[in-house]
Amino acid sequence: MSAQSAQNIKQAPDGGWGWAIVVASFMGQLLAYGSPQSVGVLYPEWLSTFQDGKGMTAWVGSLVSGVGLIASPICSACVVNFGARPVTIFSGVMVSGGLMLSAFAPNVQFLIFSYGIVVGLGCGLVYAATVTIICQYFDKRRGLALGIVTTGSSIGGFLYATVQNEFIALFGLDGCLLLIGCFALNIIACAGLMRPLHLPAYYLKQRAALAEKADEKVLEKPPVLEEPIKKNQSVNVAITGETKDPPPYEKSLVSYTALVRLMMQKQKEYSEYLHSMAELLQNGVFLAMCVSLFAYCLGAYTPLLFLEDLAQSEGLISGISPIPLVSIMSISAGMGKLLLGVMIDIRWMNSIFLYTFTLLGSGVALLIIPITKNYAGLQAISALLGFFSGNWSVLPYMTTKVVGMDRLTEAYGILMFFGGFSIMLGPPVAGWIYDWMHSYDLAFYFSGSFVLLGGAGLFLAALCCWNKNQDETNTPDTECVNDYDKVATVA
């Protein structure tokens, strides 16, 4: 039996040491995402410190959330090849280093690199590692486990929003970033508990290579001369102990042939990967998920960055609130992730319709923000938006049911690419709209409309597949029927 086969027969324990990994993953996401999830608290400080436009400054907050997602295929490949533990250790260094480096930022452009790109990539690595290892350790309780783990980012956002306000008041913006950078080093300690259930591909390749070398040594035999040695040649061999080397042109020909074979092998692997991606995007339900996630992320991250500044610029609050709107969004997001994670474990619950409901609710809440003229109303809308943003705990579960566990990493990487690219565009566009109109109203109408369109499109696609599954049971070659068969039994 091969090493790969032995790896595949391991079953998810659905408990045991898996709960220790749930705790470690929860803390890892809390420490990594605490500051990015509460970046709305830092945004007004950066505006007053660097005196740059809202659109340009918004790139910092959008990149820290979008870069990690857009690099999800790379992050997922790192986890598959090297395992969750090494990737989490490396991500802890990146998040901590990026936060500390941001304390010395001379301008917004430097922040875009240190906070937006470096911290964002570190968060993407943490997320890929924690989600992948949880899906390996849990099957029947996967929804609950994912809900608990992804709640860590929300709890981190709630705690860090208040803590960052206090640190800014006590130590200034630079001291605040240095302190939370020190906190992020504890991600390395969380990695220690992430014992791999499956050996990563890199170690399997190394083991196979060592076994192959051992077999070659065992089977190695003394060289046999096929042709009789001439008299003069035998004398030379006896005296020097060496045979004549092949001509240089033969060595170069062998090297060239090996290089061509390596290039053809790599080209074949890339072609297979692109073909596999094309197959996934031919799945109607999965394609609708990608489009809806793009539309949702284009508008859903706007309030996370701008709500606090909106309340201050409209005069709805004077000074700093003891419980910022970002904190309310984060704690309600944690409750949403946990509750929605439990709901998708119910047997009759269809996760694709549950996810669609959260998109439609978020779109309506975004459209209400411009007509809300008091702080209590913004607090209620923040709680509602935060709860619906807990749909991130539904997404890995829904993806697994649509494409299967064996293609989860690849499919989830594609989804995160769409979401990350959208998050990178959403807040800067909303900031530019404010710089143009000197009002947030059009920005939130823009965001809410896109979220509603994404939710409505996914709902219609799923409903179409449901109707065709009812009416065309005798046409198995229909693409939409085949797609929905994977989704109709979502628990």
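Above this text you will find the structure in question.
Right, let's walk through the structure included here. (Residues numbered from 1 in each chain as written. Predicted model: local features only at pLDDT ≥ 70, side-chain atom pairs only at ≥ 80, totals over all residues. Heavy atoms only, no water.)

This brings us to the nonpolar core. Ranked by size, the top nonpolar core spans 123 residues in total, and within it Tyr115, Ile134, Phe286, Leu293, Ile369, Trp392 and Leu395 carry the most contacts. Examining the composition of this core, we find that 17 residues originate from one element, helix H7 (residues 108-137), more than from any other. (Core = buried A, V, L, I, M, F, W, Y, C linked by side-chain atoms within 4.5 Å. Buried < 20%, exposed > 50% of the residue type's maximum accessible area, 1.4 Å probe, protein only. Helix = DSSP H or I, 4+ residues; strand = E, 2+ residues; numbered from the N terminus.)

Counted at 1.5 Å a residue, the expected span for helix H17 (residues 375-388) with its 14 residues is 20 Å, and the 20 Å between its end C-alpha atoms agrees. Residues of H17 that are buried include every one of Tyr375, Gly377, Leu378, Ile381, Ser382, Leu385, Gly386 and Phe388, and no others. On an axial view of H17, the arc spanned by its buried residues comes to 165°, and they lie on one face. Of the surrounding elements, those touching the buried residues of H17 are helix H13 (284-300), helix H14 (302-313), helix H15 (325-343) and helix H16 (351-368). (Expected span 1.5 Å × (residues − 1). Arc of directions from axis to C-beta. Contact = heavy atoms within 4.5 Å.)

For the rest of this paragraph, the subject is a nonpolar patch on the surface. Among the surface-exposed residues, Val364, Ile368, Ile371, Trp436, Met437, Leu442 and Tyr445 lie close enough to one another that they form a single nonpolar patch of about 700 Å² accessible area. Contributions of two or more residues to the nonpolar patch are made by H16, helix H19 (408-437) and helix H20 (441-471). With respect to the secondary-structure elements, Met437 resides in helix H19. For Met437, a relative accessible area of 42% corresponds to the partly exposed category. (Patch = residues over 30% accessible without salt bridge, like charges linked within 9 Å, V, L, I, M, F, W, Y side chains within 5 Å. Areas by Shrake-Rupley, 256 points an atom, 1.4 Å probe, with all protein chains shown as cover. Salt bridge = Lys/Arg side-chain N within 4 Å of Asp/Glu carboxyl O.)

Let's shift gears to the environment of Tyr43. Among the secondary structure elements, Tyr43 is positioned in helix H3 (residues 39-50). The exposure class assigned to Tyr43 is buried, which follows from its relative accessible area of 0%. As for Tyr43 and Glu308, which are separated by 265 residues in sequence, their C-alpha atoms are 8.7 Å apart. Ignoring anything within four residues of it in the chain, the contact list for Tyr43 reads Lys54, Thr57, Ala58, Leu305, Phe306 and Asp309. A polar atom in the side chain of Tyr43 sits 3.0 Å from the backbone oxygen of Lys54. (Polar contact = N/O pair within 3.5 Å; in protein donor to acceptor, adjacent residues only side chain to side chain.)

Moving on: the environment of Ser351. Tracing the backbone shows Ser351 in helix H16. Between the alpha carbons of Ser351 and Tyr397 there is a distance of 7.9 Å; along the sequence they are 46 residues apart.

Nothing here speaks to function; it is geometry throughout.
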